[in-house]
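For reference, the chains in residue letters:
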Amino acid sequence: MTNPSIDQAGGIKQSQRPIEFLLFVLLAFLTLLTPFAATSFGAASISSADVFYVLSHKLLGIGESLGVRERIIWELRLPRVLLAFIAGAGLSIAGSVLQTVTRNPLADPYLFGISSGASFGAVVALTFFSQSMLWLSLPVGAFIGASLSVVMVLSLCGRNLSTQVERMLLSGVAISFMFGAMASLMLYFSSPQAAASVLFWTLGSFAKASWHGLWLPAAIVLIATLIILLNKRQIVAMRAGDETAHTLGVNVGHLRLYMLLLCSLITAILVANCGGIGFIGLMVPHTVRLLFPGRYPLLLTALLGGLFMVWVDVLARTVLSYQELPVGIITSVMGSIFFLFILGSRSARRI
Amino acid sequence: MPVMTKWTGVNNPCTQADSDAKTVLSVQDLGWQLGGKAILSAIEFSLAEGKMLGIIGPNGAGKSSLLRCLYRFIKPTSGCIHLFGDEINTLSAKAFARQIAVVLQDTPHHFEMTTAQLVALGLTPHKGAFDFTSRADREVVAKALEKVGLQDKANQAYESLSGGEKQRALIARAIVQRPKLLILDEPTNHLDIRYQIQTLELLRSLNITVITSIHDLNLASALCDELLLLNNGRSVAKGSPKKVLTEQRIAEVFDVCCEIRPHPQHGNPLISYFYGYDVSAHHARHDSTRVDMVGGQDD
């Protein structure tokens, strides 16, 4: 009655259920463990017990201060771990949503030339503002540059945005090259010192994380994630195609525009705070897709992205002694290797 | 929404042709132009509750365009469409999707959903932002799958289904949508004859009002209550299959000659096509009782 290969596919599907459950449990465990474990890594030797002690002292008022170690944990490491988590989660969920609403598996959060726009803004800030003001002018400049690129892409597409995804993607590429060229030109005529700091910033780092710089990215990522989750049914319906989504009562044009703006906002604020961290918005959604075929677990995507970023940052802090690596380099190296590995094992299984 | 409908009842230029509660859909003077070219013009029909309307006509006649106007994917240039007496543009996207479900021909490539997930998409217009998929919803999905005979394939990838099964899965999704009117765009395309009949009989068994475009005239004749014949964007004939399907009309519209007899089972027109004939030549010879198939090539 039925095709044997189909039955086999059904069998595979059934046996995947326990694996899925195991993955959920593992992730939940990792999420609980990560803040303690990740905070204890770094130049100064600190144990997970110290972290627990400091947290209970700071949050619950139990116990006494640990002095320098407490300052390292509370003022340096913890904001850094949190910022890394927020950045990873935000970029991953933005990538996942963008891949769905543009129906382009290669879409990533830097789709609209956001990273080039941000780089350009950062270069302008570095060139025209004094070194002492840089803590403020750099993120603000980067945010303005990123927003500018988004606005330019959207105005280039005009009313066609809802229907012509290809046109939008191509506009993004064009804008990206334009800002890239302008940033390069300015860097070419600037001091080597400025060029080095722009390069470091472009590759991404959480070294400047602090409590007062944390609340804005945290609030934006949290609110955007909530809005995305509330629209999840509509976003999932868009996977069946624009016309089918329309017949399911989804206002396709509006939803696409809102989601593009929301994801751009997430990306712009993150790029302004942490620099251009590549590959994660592309890799994490695809990894989740491969781990949970057919599903669309947005929250899980965010969680996995956040955890991944925290541990990449731990590597960035510890791989070289006395020096930090930019996280963007590590995400790209790890991401590409992991990705090729998964793709290879998957295609082998299919054949 | 009720407020809006009252408003349009007063101001809408179209007068309601039929205020009968049994009328599901009424279309008046519908026209659609694309780039100055009339794709559809002056189309009028109405459909009573529980009936199955087949839209037939040659390729490019405007069948899909007409359907797209009906489910609001394109905005007609002129005319109006009423659904249960409401002008369709006054309904919100969600309210509209609760009334009309649509089964289209294609799903995108790399469509990574299981059959059950695809069918559950039918819940979309019934759910608010804060509504979770409940146990009752899952039961609705399971029942729809059972109705189309796909309960065993619920957890399989939709892409792995056969053509007929895919069509049935899409119909199950439409069932979950609980529409008053179901629109299908050539649901029997690419299906073998068993699945063609199975699909249309499934549609009949749902007891809802159906509009479907369909290529196979014999299938349309056998299973539709009413037919609407389109040619060059105009309505050429409408009514029962017996009324619409005549040898003369098929020759004019499809440029094919044929002979029509009552079907031995249901009595509706059964069309036999002749091959290798020019239509005009056929009409010249049509009076002769038998057509010689072998030596019939005209010169």
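Definitions and limits used
Residues numbered from 1 in each chain as written. Chains lettered and ligands numbered in written order. Predicted model: local features only at pLDDT ≥ 70, side-chain atom pairs only at ≥ 80, totals over all residues. UniProt positions renumbered as here; feature names shortened; annotations may be inferred. Helix = DSSP H or I, 4+ residues; strand = E, 2+ residues; numbered from the N terminus. Buried ≥ 20, exposed ≤ 12 C-beta atoms within 10 Å, placed from the backbone. Contact = placed C-beta atoms within 7 Å. Rg over C-alpha atoms; globule rule 2.2 N^0.38 Å. Pairing = 2+ DSSP bridges. Domains from an automatic or database assignment. Nonpolar A, V, L, I, M, F, W, Y, C, P; charged D, E, K, R; others polar. Axes fitted to C-alpha atoms, helices over the stretch in contact; angles between N-to-C directions. Parallel < 35°, antiparallel > 145°, perpendicular 65-115°, else oblique. Left-handed = near helix turned anticlockwise from the far one by under 90°. Core = buried A, V, L, I, M, F, W, Y, C linked by C-beta atoms within 7 Å. Expected span 1.5 Å × (residues − 1). Arc of directions from axis to C-beta.

An unreviewed UniProt entry annotates chain A as Iron ABC transporter permease originating from Shewanella schlegeliana. As stated in UniProt under Sequence similarities (unreviewed entry), the record for chain A gives "Belongs to the binding-protein-dependent transport system permease family. FecCD subfamily." Quoted verbatim from the Subcellular location (unreviewed entry) heading of the UniProt record, the comment on chain A is "Cell membrane".

(A) How the structure looks around the overall build of chain B. Broken down by element type, chain B carries 11 helices and 12 strands. The 299 residues of chain B split such that 40% are buried. The long-range share in chain B, meaning contacts at least 24 apart out of those at least 6 apart in sequence, stands at 65%.

(B) Quick look at the overall build of chain A. Counting secondary structure elements, chain A contains 14 helices and zero strands. The C-alpha radius of gyration of chain A comes to 22 Å, within 12% of the 20 Å expected for a compact globule of 351 residues. Its C-alpha atoms put chain A at 75 × 50 × 35 Å along the principal axes. When the 351 residues of chain A are sorted by exposure, 42% land in the buried category. Counted over contacts in chain A with a minimum sequence separation of 6, partners at least 24 positions apart contribute 74%.

(C) The arrangement of the interface of chain B and chain A in detail. In this assembly, 24 residues from chain B lie in contact with 22 residues from chain A. At the level of elements, α3 (93–99) and β6 (100–103) of chain B are the ones that each hand at least two residues to the side of chain B that touches chain A. Sort the elements by how many residues they give to the side of chain B that touches chain A and α3 of chain B lands first, with four residues.

(D) Quick peek at the pairing of strand β2 (residues 37–48) of chain B. All names here are of chain B. The pairing of strand β1 (residues 23–34) with β2 spans eight bridges and is classified as antiparallel. Bridge pairing in β2 places Ser 26 opposite Ser 46. Hairpin connection, β1 to β2: the antiparallel pair is bridged by two residues, and Gly 35 has positive phi, about 60°.

(E) Broad picture of the domain arrangement of chain B. Residue and element names in this part refer to chain B. Considered domain by domain, chain B is made up of domain 1 (2–245) and domain 2 (255–299). Contact residues are listed per partner, giving seven residues for domain 1 and seven residues for domain 2. Broken down by secondary-structure element, the contributors of at least two residues to the side of domain 1 that touches domain 2 are α8 (217–223) and α9 (241–244). Sorting elements by how many residues they give to the side of domain 1 that touches domain 2 places α8 first, with four residues. Split by residue class, the side of domain 1 that touches domain 2 holds four nonpolar, two polar and one charged.

(F) Just the packing of helix α3 (residues 68–101) of chain A against helix α11 (residues 252–274) of chain A, in detail. Residue and element names in this part refer to chain A. Across the interface, α3 lies against α11 with an axial gap of 9 Å and an inter-helix angle of 150°. In terms of orientation, α3 and α11 fall into the roughly antiparallel class. When you trace α3 past α11, the crossing you get is left-handed. Of the residues in α11, those touching α3 at Leu 83, Ala 87, Gly 90, Leu 91, Ala 94, Val 97, Leu 98 and Val 101 are Arg 256, Met 259, Leu 260, Cys 263, Ile 266, Thr 267, Leu 270, Asn 273 and Cys 274.

(G) Seen up close, the environment of Leu 104 of chain B. Mapped onto the elements of the fold, Leu 104 of chain B is located in the loop between β6 and α4 (115–120). A residue is classified by how many C-beta atoms lie within 10 Å of it, and Leu 104 of chain B, with 22 of them, is buried. Residue contacts for Leu 104 of chain B: discarding those within four places in its chain leaves Glu 243 and Thr 244 of chain A together with Asp 185 of chain B.

(H) Main features of the nonpolar core. Residues Val 119, Ala 172 and Ile 183 of chain B are the most contacted members of the largest nonpolar core, which totals 167 residues. Setting aside its immediate chain neighbours within four residues, Val 119 of chain B contacts Val 141, Ala 144, Leu 145, Ala 169, Ala 172, Arg 173 and Val 176 of chain B.

(I) Quick look at the sheet that holds strand β5 (residues 86–87) of chain B. Judged by pairing direction, the sheet is antiparallel, and its four strands sit side by side in the order β2-β1-β4-β5 (chain B) without closing on themselves. Only two strands of the sheet have a single partner each, and these edge strands are β2 and β5 of chain B.

(J) Quick peek at helix α8 (residues 215–230) of chain A. Residue and element names in this part refer to chain A. Under the 1.5 Å per step criterion, the end-to-end length of α8 is 22 Å for 16 residues, consistent within 8% with the ideal 22 Å. Among the residues making up α8, those that are buried are Pro 217, Val 221, Ala 224, Thr 225 and Ile 228. Seen end-on, α8 carries its buried residues on one side only, within an arc spanning 105°. Exposed positions of α8 whose direction lies more than 90 degrees from the buried face are Trp 215, Ala 219, Leu 226 and Leu 230. Those residues of α8 that are buried lie in contact with α3, α9 (232–238), α11 and α13 (298–318).

(K) Main features of the sheet that holds strand β8 (residues 209–213) of chain B. Residues and elements named next belong to chain B. The six strands lie next to each other as β6-β7-β8-β3-β9-β10, forming an open sheet whose pairing is mixed. Both outer strands of the open sheet, β6 and β10 (234–239), are each paired with one neighbouring strand and no more. Pairs of neighbouring strands in the sheet enclose a mean axial angle of 15°, with direction left out of account. Bridge analysis of strand β3 (residues 52–56) against β8 gives four bridges, and the strand direction is parallel. If you follow Met 52 over to β8, its bridge partner there is Val 210.

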